[in-house]
Amino acid sequence: MPRFIALIPAAGSGARMGNQLPKQYLSLAGKPMIYHAVHTLCSSSHISSVFVILAPDDHEWLRYDWSSFSDKLVVRYCGGATRADSVLNGLKAMQSEVSICNDDWVLVHDAARPCLSVAQVDQLIDVLTPDEVGGLLAIPVADTLKRADPNHRAMGTASREGLWQAQTPQMFRLGVLMDALNKVDSTRITDDASAIEALGLYPRLVLSDAYNFKVTYPQDLALAELILQKRETR
Ligand code: C5P
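Residues numbered from 1 in each chain as written. Predicted model: local features only at pLDDT ≥ 70, side-chain atom pairs only at ≥ 80, totals over all residues. Heavy atoms only, no water.

Attention shifts here to the overall build of the protein chain. Along its length, the protein chain carries 6 helices and 11 strands. In summary, the protein chain has a C-alpha radius of gyration of 18 Å against a globular reference of 17 Å for 234 residues, a match within 12%. Considered along the principal axes of its C-alpha atoms, the protein chain spans approximately 50 × 40 × 40 Å. Residues counted as buried form 48% of the 234 residues belonging to the protein chain. Within the protein chain, contacts between residues at least 6 apart in sequence are counted, and of these 71% link residues at least 24 apart. For the protein chain, the exposed surface amounts to about 12,100 Å²; the carbon and sulfur share of it is 50%. In the protein chain, 22 side chains carry a positive charge and 26 a negative one; their mean positions are 5 Å apart. (Helix = DSSP H or I, 4+ residues; strand = E, 2+ residues; numbered from the N terminus. Rg over C-alpha atoms; globule rule 2.2 N^0.38 Å. Buried < 20%, exposed > 50% of the residue type's maximum accessible area, 1.4 Å probe, protein only. Contact = heavy atoms within 4.5 Å. Areas by Shrake-Rupley, 256 points an atom, 1.4 Å probe, with all protein chains shown as cover. Lys, Arg positive; Asp, Glu negative; His and termini not counted. Charge placed at Lys NZ, Arg CZ, Asp CG, Glu CD.)

So, on to the site of the ligand. Among the 15 residues in the neighbourhood of the ligand, the closest are listed as Pro9, Ala11, Gly80, Ser86 and Lys214. One nitrogen or oxygen atom from the main chain of Ala10 is found 3.3 Å from an oxygen atom belonging to the ligand. A distance of 2.7 Å separates a nitrogen atom of the ligand from a polar side-chain atom of Ser86. Relative to its unbound accessible area of 460 Å², the ligand is 85% covered by the protein chains. Secondary-structure elements contributing two or more residues to the shell around the ligand are strand 1 (4-10) and helix 2 (83-97). Residues of the shell around the ligand, tallied by class, amount to 5 nonpolar, 5 polar and 5 charged. (Near = heavy atom within 4 Å. Polar contact = N/O pair within 3.5 Å; in protein donor to acceptor, adjacent residues only side chain to side chain. Nonpolar A, V, L, I, M, F, W, Y, C, P; charged D, E, K, R; others polar.)

Written as structure tokens, this is what we have:
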């Protein structure tokens, strides 16, 4: 049976939030934002370990109590200059620390997607385990898309047909993902699937929902808080 290991790259600064504190530590429903992704991934019975990859100079992580996640949670301070570098460093750490083989599955999930549910994780695993390539959660684009000039004037309307918004987790076999990330220019990609596509492979898009959005701008925090609170009261 293949194993499933989660990896959360959390070495970014979250500059677009306009806050001194890296966004993964902003307070959300009484916890640092990253807590919610850690909790969800640790709660999936399919996942054997959850690796969190922090910046080498991270001073925030140890300010919180993570003991409830026990040995399932592994934290390493080996983040890199880009998200792809952080993921690759995390995969190398994973390889040297748990008995994992190239055919095992890695689920890479952004710390800034706190509203992921355990049901979504389990569905992703169910759909992709028999798949040759792997894939990612995603949703079809709903809005009309404009191409803008530098003065923010619409130069045209791009067809949204066949366009999907990529989310995370993105689930690929360890060996293929390492190979892909080693070959790609890490400054040019913003997700793992792009590296896989550059190998000529076609990641599968697994239908997700808008709740699994990425907290990017200050107003996103309030929306994430509402979603998490509603889920708690159910
Ligand atoms: O900046 P963005 O929201 O695209 O970051 C996505 C994820 O990648 C976040 O969880 C962030 O902490 C992580 N990241 C990282 N190392 C970097 C840049 C971003 O781990 N150098």
